[in-house]
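Geometric and topological summary
The lines below spell out each chain.
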Amino acid sequence: MVETTGGEPVDGTAEVLDRPLPDGVRRRVVQIVSDGFGGLTLAELPAQLRQYARFTPSRRAKFAGNAMAAALETDALFRQRIAERLRETQPELVGALDSGSPPPAADPLDVAAVAYVLRPAGWVKLVTAAGEEALRADAERVDEESRAELDRLREELVAARGQTRAETERLRTELDAARKEAESLHRKLRAALSDVKRGDAALRKLQGEVEAVRAEGQAQLSAAESETRRLKARLGETEAALEASRRAAREGRSVEDMRVRLLLDTVLDAAQGLRRELALPPVSVRPAQTVDAVEPGRMTPKDIAARALSENDPAILDQLLALPQAHLVVDGYNVTKTGYPQMPLEKQRLRLLGQLSQLAAQTGAEVTCVFDGAELAAPVLLAPPRGVRVLFSKPGVTADELIRQLVRAEPPGRPVIVASTDREVADGVARAGARPVASVMLLRRLTLG
């Protein structure tokens, strides 16, 4: 049988709390259960709380608070065991609650928590009163804190107003000084802008003068470069002529002697050819025969040009090469790139030189083939065919310049034929006394074999 007090059960099962347990009371209840937890054996604990048996009271209150509150509410035997522990630890407060007169000086939260565990008659009123007292105390505390905060804010407001007035006065003073400084800076800025405009005008004028001087200097530089190139070309020709003169001197004769001798051989061959054509009987030499004159029936390259043949007829080239001491100068790459440009350069050279060798053997004319050395990636190892002189231009010298040098090196009166389609080359050699022919004419003649 369960003991009763005043006709109500001691465990207070007849009374029910119709509202949630106040937070302050609940914290005190959890602390009471946590403190009494350690005095129970593992078997005396509800199953859901046994895992927290080894926890310290503080950790138990922190991690098992909800579980302990639920077990205390639902497990009457566990609540009775906690109440017995509580009677041992706080006998005075428990006795006062059992007698129905809680001590006036006791904390309402402690009274409500102990009443919640013991469940004496009227415990619901004690818990409710403790909750209301706690709320009232909280309200008073909040009110006091609010008043203190309000007083503090008022003091801060007064101080802030004073500080604001002082800061305002300081800012006004700084603003006046800043305005005066801004006005001074504006005046300086206007003066500086005026100076900048004058400087821009002067700069534009100087830039125009510099551009004019630069253009004049560029024109002078271009003229100087052109003159330098011309002088370099003349110097190269002079050096070549000097080298030829030195070579001839080493051989025991001068260049002029060589030119006169070659011209003499040309005249003699022409005379012999005329003698064969007229079938003249041999006669002894007469003094009049030593006089240099143009004999009747002698043809020159200009005479052949007047004949009624097509300008690309290979017969014209045969007639030119039949002249005494005729010299054929061939612009090599100009001819090959006109006739068979799809072939590699090496095969172009070999094909042209083979055909020129046959032409030299057929006509007996002197044949010189000139190639542009700028086309070569490395020196050419080439054995010239019989009867053909092969020349490559030096670095910095084009094949056209080398051809003009060869023509100028010949004595006046010797038949010189230049095969090239280059208009500049043709005009240049024509002014030097040579006869230009198109590359197509030479290709047609070489095709005939």
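Here's what I pulled together on the structure shown here.

What counts and how
- Per chain, residue numbering runs from 1 following the sequence as it is written.
- Selection of residues for local features in this predicted model requires a pLDDT of at least 70, selection of side-chain atom pairs for listing and counting requires 80 or more, and totals for whole chains, interfaces and linings are taken over all residues.
- Excluded from the side-chain calculations are hydrogens and water; all other atoms, namely the structure's heavy atoms, are used.
- Secondary structure counts use DSSP, requiring at least four H or I residues in a row for a helix and at least two E residues in a row for a strand, with both numbered from the N terminus.
- Partly exposed describes any residue whose relative accessible area lies between the buried limit of under 20% and the exposed limit of over 50%, with all areas from a 1.4 Å probe on protein chains only and scaled to the type maximum.
- When checking whether two residues touch, look at their non-hydrogen atoms; a contact exists if any pair is within 4.5 Å.
- Fitted lines through C-alpha atoms serve as axes, helices being fitted only where they are in contact, and the angles separating the N-to-C directions of these axes extend from 0 to 180 degrees.
- Here roughly perpendicular refers to angles of 65 to 115 degrees, roughly parallel to angles under 35, roughly antiparallel to angles over 145, and oblique to all remaining angles.
- Gly is put with the polar residues, along with every residue not named as nonpolar or charged; the nonpolar set is Ala, Val, Leu, Ile, Met, Phe, Trp, Tyr, Cys and Pro, and the charged set is Asp, Glu, Lys and Arg.
- Put simply, two rings from Phe, Tyr or Trp (the six-membered ring, in Trp's case) pair if the centres are within 6.5 Å, and we call them stacked under 30 degrees between planes, edge-to-face over 60, tilted for the rest.
- Both a distance and an angle decide whether a charge sits over a ring: NZ of Lys or CZ of Arg must be within 6 Å of the ring centre and within 35 degrees of the ring normal.
- Criterion used throughout: strands pair if DSSP finds at least two bridges between them.
- N or O atoms within 3.5 Å of each other form a polar contact, as long as, within protein, one can give a hydrogen and the other can take it, and as long as residues adjacent in sequence are counted only when both atoms are side-chain atoms.
- Salt bridges, as used here, are contacts in which a Lys or Arg side-chain nitrogen is within 4 Å of a carboxyl oxygen on Asp or Glu.

**Quick word on the overall build of the chain**
Tallying secondary structure elements over the chain gives 15 helices and 7 strands in all. Burial analysis of the chain (449 residues in total) assigns 28% to the buried set. Long-range pairs, those at least 24 residues apart, make up 61% of the contacts in the chain between residues at least 6 apart in sequence.

**Some thoughts on the packing of helix α11 (residues 332–339) against helix α15 (residues 439–448)**
One can describe the packing of α11 onto α15 by two numbers: an axis separation of 9 Å at closest approach and a directional angle of 70 degrees. Put simply, α11 runs roughly perpendicular to α15. In contact with N334, V335, T338 and G339 of α11, α15 contributes S439, V440, L442 and L443. Residue composition of the contact of α11 with α15, grouped by class: 4 nonpolar, 4 polar and no charged.

**Some details on the packing of aromatic side chains**
Taken as a whole and assessed by the stated rule, the structure comprises 2 aromatic pairs. Here a set of aromatic residues connected by ring pairs shows up, and it is made of Y333, F371 and F392. Across from the ring centre of Y333, 5.5 Å away, lies the NZ or CZ of K337, which sits over that ring.

**Quick word on the sheet that holds strand β5 (residues 388–392)**
A sheet is described by the order of its strands in space; here 5 strands give the open sequence β5-β4-β3-β6-β7, paired in parallel fashion. This sheet does not close on itself; its edge strands, each paired only once, are β5 and β7 (435–437). Ignoring which end each strand starts from, the neighbouring axes of this sheet average 20 degrees apart.

**Here's the deal with the side chain of R414**
Its location among the elements puts R414 in the loop between α13 (399–409) and β6 (416–419). Overall, the relative accessible area of 6% leaves R414 in the buried class. Side chain to side chain, R414 and E410 meet in a polar contact 2.8 Å long. Here R414 is in contact with L262, T266, Q325, A326, H327 and E366, once residues within four sequence places are set aside.

**Let's talk about the pattern of salt bridges**
Side-chain pairs of opposite charge can arise where the charged atoms are in close proximity. Going through the model one piece at a time under the given rule, you end up with 14 salt bridges. A salt bridge links E174 to R170; its shortest N-O distance comes to 2.3 Å. In this pair, E174 and R170 are both assigned in helix α7 (residues 123–250), 4 residues apart and thus about one turn of the helix distant. Owing to a relative accessible area of 36%, R170 belongs among the partly exposed residues under this scheme.

**Some thoughts on the packing of helix α12 (residues 345–363) against α15**
Between α12 and α15, whose axes approach to 10 Å, the crossing angle comes to 75 degrees. Taken together, α12 and α15 sit at an angle that is classed as roughly perpendicular. Side by side, α12 and α15 meet where L352, Q355, L356, L359 and Q362 of the first sit next to L442, R445 and L446 of the second. Of the residues in the contact of α12 with α15, the class split is 5 nonpolar, 2 polar and 1 charged.

**Focus: the environment of T368**
Here T368 shows up in strand β4 (residues 366–371). The sequence separation of T368 and L328 amounts to 40 residues, and the corresponding C-alpha distance is 6.2 Å. Non-local contacts of T368, meaning those with residues more than four positions away in its chain, are made with H327, L328, V329, V330, R389, L391 and L406. A polar contact of 2.5 Å, which involves the side chain of T368, links it to the side chain of R389.

**Re the pairing of strand β3 (residues 327–331)**
For β3, the buried fraction is high: 5 of the 5 residues fall into the buried class. Judged by which residues are buried, β3 turns out to be covered on both faces: H327, V329 and D331 on one side and L328 and V330 on the other are all buried. Taken together, the 5 bridges between β3 and β4 define a ladder with parallel strand orientation. Bridge assignment links D331 to a residue of β4, and that residue is V370. Taken together, the 4 bridges between β3 and β6 define a ladder with parallel strand orientation. Bridging across to β6, L328 finds its partner in I417.

**Description of the environment of L97**
Within the secondary structure, L97 sits in helix α5 (residues 91–98). The buried category is assigned to L97, whose relative accessible area is 4%. Separated by 24 residues in sequence, L97 and A121 place their C-alpha atoms 8.9 Å apart. Contact partners of L97, with chain neighbours within four places excluded, come to P102, V111, V114, A115, L118, P120 and L126.

**Topic: α15**
Taken residue by residue, α15 has S439, M441, L442, L443, R445 and L446 as its buried positions. Those residues of α15 hidden inside the fold are in contact with α10 (314–321), β3, α11, α12, β6 and β7. In the segment just after α15, G449 is the residue with positive phi, at about 80 degrees.

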